[in-house]
Amino acid sequence: MKTVLNQFNMTVEAKSINEGFVRSAVAAFCTQVNPTIEEIGDIKTAVSEAVTNCIVHGYKNKQKGDIVVTVKLFDDNTSEISIQDFGVGIVDVNKAMQTFFTTCKTEERSGMGFTVMAAFTDDLKVTSNPGEGTLVKMTKIFGYSDGEEQDGIRS
């Protein structure tokens, strides 16, 4: 059974201005397990997409609401990042996770949010209830790209 080494929680308002802060905070927190620069980039991209989905889709860019972020770091070099909103929810999660699907027909949205999250993490789970909100849980496994450490620096 894996053990939690450290974790943090934060709540921010669902405002676009907070997206950059959340992705930077999550990435900075994850540095304590010595990820590669590429892995940090992956985390930042996935978190950015998840937070943006909360703002644009969960709260429709209009409703006031909170986004709750929880990050857990485990002793097996994995992280679990949860991003939750309490907005409109998703009626059909499977359909929403299809590439190019979007609920924003009037705005320029690509429908790639969940696809990008899945591409930059090792596991993605989405649960949602209409009228109650959505929980996105992403797992990222940190590992050495060549299996070795050289002079204390990961490659």
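Residues numbered from 1 in each chain as written. Predicted model: local features only at pLDDT ≥ 70, side-chain atom pairs only at ≥ 80, totals over all residues. Heavy atoms only, no water.

Points about the confidence of the model for the protein chain
On average, the protein chain scores 85 in pLDDT, and the residues at 70 or more come to 81%. Across residues 145-155 the pLDDT falls below 50, and counting only partners more than four positions away or on other chains, this stretch makes 13 contacts in the model. (pLDDT = per-residue confidence, 0-100. Contact = heavy atoms within 4.5 Å.)

Section: the pattern of salt bridges
Under the criterion given, the structure shown has four salt bridges. R23 is the salt-bridge partner of E19, the closest N and O atoms lying 3.5 Å from each other. With E19 and R23 both in helix α1 (residues 17-30) and four residues apart, the pair spans about one turn of that helix. The exposure class assigned to R23 is partly exposed, which follows from its relative accessible area of 31%. (Salt bridge = Lys/Arg side-chain N within 4 Å of Asp/Glu carboxyl O. Helix = DSSP H or I, 4+ residues; strand = E, 2+ residues; numbered from the N terminus. Buried < 20%, exposed > 50% of the residue type's maximum accessible area, 1.4 Å probe, protein only.)

Re helix α2 (residues 37-58)
Owing to its 3.6 residues per turn, the α-helix aligns residues three or four sequence positions apart on the same side. With 22 residues, α2 should cover 32 Å at 1.5 Å per step; its first-to-last C-alpha distance of 30 Å lies within 8% of that length. Phi for K60, located one or two positions after α2, is positive at around 55 degrees. (Expected span 1.5 Å × (residues − 1).)

Notes on the environment of N53
Relative to the assigned elements, N53 resides in helix α2. Through-space distance from the C-alpha of N53 to that of A14 is 10.0 Å; in sequence the pair is 39 residues apart. When near neighbours in sequence (up to four residues on either side) are disregarded, N53 contacts G58, G113, F114 and M117.

Focus: the sheet that holds strand β2 (residues 66-74)
Strand pairs in the sheet, formed through backbone hydrogen bonds, run parallel or antiparallel to each other. Judged by pairing direction, the sheet is antiparallel, and its five strands sit side by side in the order β1-β2-β3-β5-β4 without closing on themselves. Edge strands, defined here as strands with exactly one partner in the open sheet, are β1 (4-13) and β4 (123-129). Strand after strand, the sheet turns through a mean of 10 degrees between neighbouring axes, direction not considered. Pairing of β2 with strand β3 (residues 78-85), which is carried by seven bridges, proceeds in the antiparallel orientation. Bridging from a neighbouring strand, T70 pairs with S82 of β3. (Pairing = 2+ DSSP bridges. Axes fitted to C-alpha atoms, helices over the stretch in contact; angles between N-to-C directions.)

Some thoughts on the nonpolar core
Core analysis: the biggest nonpolar cluster contains 34 residues, and V26, V47, I67, V71, I83 and M138 have the highest contact counts within it. Looking at this core, the elements that each hand over two or more residues are β1, α1, α2, β2, β3, α4 (113-120), β4 and β5 (133-141). Apart from the residues within four sequence positions on either side, I83 is in contact with V47, A50, V51, C54, I67, V68, T134, L135, V136 and M138. (Core = buried A, V, L, I, M, F, W, Y, C linked by side-chain atoms within 4.5 Å.)

Quick word on the packing of aromatic side chains
According to the stated counting rule, one finds one aromatic pair in the structure shown. With centroids separated by 4.7 Å and ring planes inclined at 55 degrees, the aromatic side chains of F8 and F29 adopt a geometry described as tilted. Of this pair, F8 sits in strand β1 while F29 sits in helix α1, and the two are 21 residues apart along the sequence. Among the residues examined, F8 registers a relative accessible area of 17% and is labelled buried. Sitting above the plane of the F74 ring, K2 keeps its charged end 4.3 Å from the centroid. (Phe/Tyr/Trp six-rings, centres within 6.5 Å; stacked < 30°, edge-to-face > 60°. Lys NZ or Arg CZ within 6 Å of the ring centre and 35° of its normal.)

What to know about the side chain of T78
Relative to the helices and strands, T78 resides in strand β3. Among the polar contacts made by the side chain of T78, one reaches the side chain of K2 at a distance of 3.5 Å. For T78, the contacting residues outside a window of four places in its chain are K2, K72, L73, T139, K140 and I141. (Polar contact = N/O pair within 3.5 Å; in protein donor to acceptor, adjacent residues only side chain to side chain.)

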